[in-house]
Amino acid sequence: MPDRYGSDVLSTDWRKPPRGRATEVEAETGLVVEDVETGWCGAVVRVEKAGGMRVVHLEDRRGRTKGFPLGPGFLLDGAPVVLTPPTAAARAQLAAAKEASSRTASGSRAVEGVRAKVASGSRIFVEGRHDAELVEKVWGEDLRIEGVVVEMLDGVDDLSAAIRDFSPGAGRRMGVLVDHLVPGTKEHRVVEEARRLQPYAAHVRILGHPYVDVWQSVRPERLGLDAWPVIPRGTSWKHGICAHLGWAHDSQADIARAWKQILGTVRTYADLEPTLLASVEELIDFVTEPGH
């Protein structure tokens, strides 16, 4: 007679979850997983011990990072996994970390055991404090090795006067980084006049970037943005940016804190826009060129 009740349901793995049983996977750098509880999806950037437990840090597509307890509760390509500490991959990761630490934030190879040079006669001038802090964070080690000091101009409205005061010449070159250097702007007119100033022109190089403020030279992804927002005319650009990001902007102290948050997202040259990188690198080459 045919079996009207079918096979014995208890003879199979009836407790098996719909997605299948979780398998163990090493939390290797770059592995993309999803946290089941929060839906956060990102690539593994590091695993560390914190508060007596192991934590895996996942970076999403916008560059935001969040930590989760290492272990069960993750999906890999839709299947449940238990993340375990990296083992064989750890050696390769350590080697990569050592390689990274052998380079400065600007991407140059770090030089061990070399003291900073006494400041040379040449200088690089930037418009303000934020520009100076950004240059220091990314190129500071390189500049100290070369003995180049970065100074602030407090704007470029009277750039020609600043050049006369510095009196550049042989062995005393002057590099200048200008914000918002775009044809048709006030900055462009000021720079064109300063470039022709004699007898200093041969010993001065003035370069810039197209951004309204040096804040904008930081890649927007570092702040979780697809692009820097357009701020309406008549609104302070920095205040507008803070308002867009939901940050306080009532006082100068608020603006200073906002810049610190932005600067904190910059780790290496890769976090900056290529236009700024090219200008700063060219200025460094200009003021450190031997025999001049």
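One can find the structure itself at the top, above this paragraph.
What comes next concerns the included structure. (Residues numbered from 1 in each chain as written. Predicted model: local features only at pLDDT ≥ 70, side-chain atom pairs only at ≥ 80, totals over all residues. Heavy atoms only, no water.)

### Re the environment of Glu127
Now for step 1: Within the secondary structure layout, Glu127 lies in the loop between β8 (123-126) and α2 (129-146).
Now for step 2: On the basis of relative accessible area, Glu127 is assigned to the buried category, the value being 15%.
Now for step 3: Sequence spacing of Glu127 and Val176 is 49 residues, and the spatial spacing of their C-alpha atoms is 8.4 Å.
Now for step 4: With sequence-adjacent residues up to four places away left out, Glu127 is seen in contact with Leu153, Asp154, Gly155, Val156, Leu177, Val178 and Asp179. (Helix = DSSP H or I, 4+ residues; strand = E, 2+ residues; numbered from the N terminus. Buried < 20%, exposed > 50% of the residue type's maximum accessible area, 1.4 Å probe, protein only. Contact = heavy atoms within 4.5 Å.)

### Description of the sheet that holds strand β3 (residues 41-50)
Now for step 1: With mixed pairing, seven strands are arranged side by side in an open sheet as β1-β7-β6-β2-β3-β4-β5. Every interior strand has two partners, whereas the edge strands, β1 (23-26) and β5 (65-69), have only one. Direction aside, the axes of adjacent strands within the sheet are offset by 50 degrees on average.
Now for step 2: Inspection of the sheet shows strand β2 (residues 32-35) paired to strand β6 (residues 74-76) by two bridges, in the antiparallel sense. Directly across from Glu34, in β6, lies its bridge partner Leu75. (Pairing = 2+ DSSP bridges. Axes fitted to C-alpha atoms, helices over the stretch in contact; angles between N-to-C directions.)

### A look at the packing of aromatic side chains
Now for step 1: Counting across every chain of the model gives five aromatic pairs.
Now for step 2: Judged by centre distance (6.2 Å) and plane angle (90 degrees), the rings of Phe68 and Phe74 are edge-to-face. For the pair Phe68 and Phe74, one class covers both residues: buried.
Now for step 3: Both rings, one in Trp215 and one in Trp237, keep their centres 6.3 Å apart while their planes meet at 70 degrees; by these two values the pair is edge-to-face. Of this pair, Trp215 sits in the loop between β11 (204-208) and α5 (237-245) while Trp237 sits in helix α5, and the two are 22 residues apart along the sequence.
Now for step 4: Trp215 gets classed as buried once you look at its relative accessible area, which sits at 0%.
Now for step 5: Classification of Trp237 as buried rests on a relative accessible area of 13%.
Now for step 6: Among the aromatic side chains, those forming a connected cluster through ring pairs are Trp215, Trp228, Trp237 and Trp259.
Now for step 7: When the ring centre of Phe166 is taken as reference, the NZ or CZ atom of Arg172 above it lies at 3.9 Å.
Now for step 8: Against the face of Phe286 rests Arg173, its NZ or CZ located 4.1 Å from the ring centre. (Phe/Tyr/Trp six-rings, centres within 6.5 Å; stacked < 30°, edge-to-face > 60°. Lys NZ or Arg CZ within 6 Å of the ring centre and 35° of its normal.)

### Focus on helix α6 (residues 252-264)
Now for step 1: Compared with the 18 Å implied by 1.5 Å per residue over 13 residues, the 18 Å span of α6 between its first and last C-alpha is a close match.
Now for step 2: On its buried face, α6 is in contact with α2 and α5. (Expected span 1.5 Å × (residues − 1).)

### Concerning the sheet that holds β8
Now for step 1: The sheet built from four strands is open, its strands ordered β9-β8-β10-β11 with parallel pairing. Where the open sheet ends on each side, the last strands, each with one partner, are β9 (149-152) and β11. Each neighbouring strand pair of the sheet contributes to a mean axis angle of 25 degrees, computed without reference to strand direction.
Now for step 2: Bridge count for strand β10 (residues 174-178) against β11 is five bridges, and the pairing is parallel. What sits directly across from Met174, in β11, is Val204.
Now for step 3: The strands that helix α4 (residues 186-195) touches are β10 and β11; relative to β11, the one it contacts most, it runs at about 165 degrees.

### A short note on unusual backbone geometry
Residues other than glycine predominantly adopt negative phi, and peptide bonds predominantly adopt the trans conformation.
Now for step 1: Cis geometry is found at the peptide bond from Gln198 to Pro199, where omega equals 5 degrees.
Now for step 2: As for its placement among the helices and strands, Pro199 is situated in the loop between α4 and β11.
Now for step 3: Backbone geometry places Asp154, a non-glycine residue, at a positive phi of 60 degrees.
Now for step 4: Its location among the elements puts Asp154 in the loop between β9 and α3 (159-166).
Now for step 5: Taking the relative accessible area as the measure of exposure, Asp154 reaches 74% and is therefore exposed.
Now for step 6: At His180, a residue that is not glycine, the phi angle is positive and equals roughly 55 degrees.

### Topic: the side chain of Glu127
Now for step 1: No salt bridge forms around the buried Glu127; measuring N to O, its nearest opposite-charge neighbour Lys186 is 7.5 Å away.
Now for step 2: Of the polar contacts made by the side chain of Glu127, one reaches the backbone nitrogen of Asp179; its length is 2.6 Å. (Lys, Arg positive; Asp, Glu negative; His and termini not counted. Salt bridge = Lys/Arg side-chain N within 4 Å of Asp/Glu carboxyl O. Polar contact = N/O pair within 3.5 Å; in protein donor to acceptor, adjacent residues only side chain to side chain.)

### Things to note about the pairing of β11
Now for step 1: Summarising burial for β11: four of the five residues are buried, a large majority.
Now for step 2: In this fold, β10 hands off to α4, which returns the chain to β11; that crossover is right-handed. (Right-handed = clockwise from strand over helix to strand, strands pointing away.)

### A word on the pattern of salt bridges
Now for step 1: By the definition in use, this model includes 14 salt bridges.
Now for step 2: Arg222 is the partner of Glu59 in a salt bridge, and the nearest nitrogen-oxygen pair spans 3.9 Å. Note that Glu59 is positioned in strand β4 (residues 53-59) and Arg222 in the loop between β11 and α5, a separation of 163 residues in sequence.
Now for step 3: In this structure Glu59 comes out as partly exposed when scored by relative accessible area, which is 22%.
Now for step 4: In this structure, Glu133 and Lys260 form a salt bridge, with 3.4 Å as the shortest nitrogen-oxygen distance. You can see Glu133 sitting in helix α2 and its partner Lys260 sitting in helix α6, a full 127 residues away along the chain.
Now for step 5: What makes Glu133 partly exposed here is its relative accessible area of 22%.
Now for step 6: On the basis of relative accessible area, Lys260 is assigned to the partly exposed category, the value being 48%.
Now for step 7: Ionic contacts of the salt-bridge type, sharing partners, join the residues Glu59, Arg222, Arg267 and Asp271 into one network.

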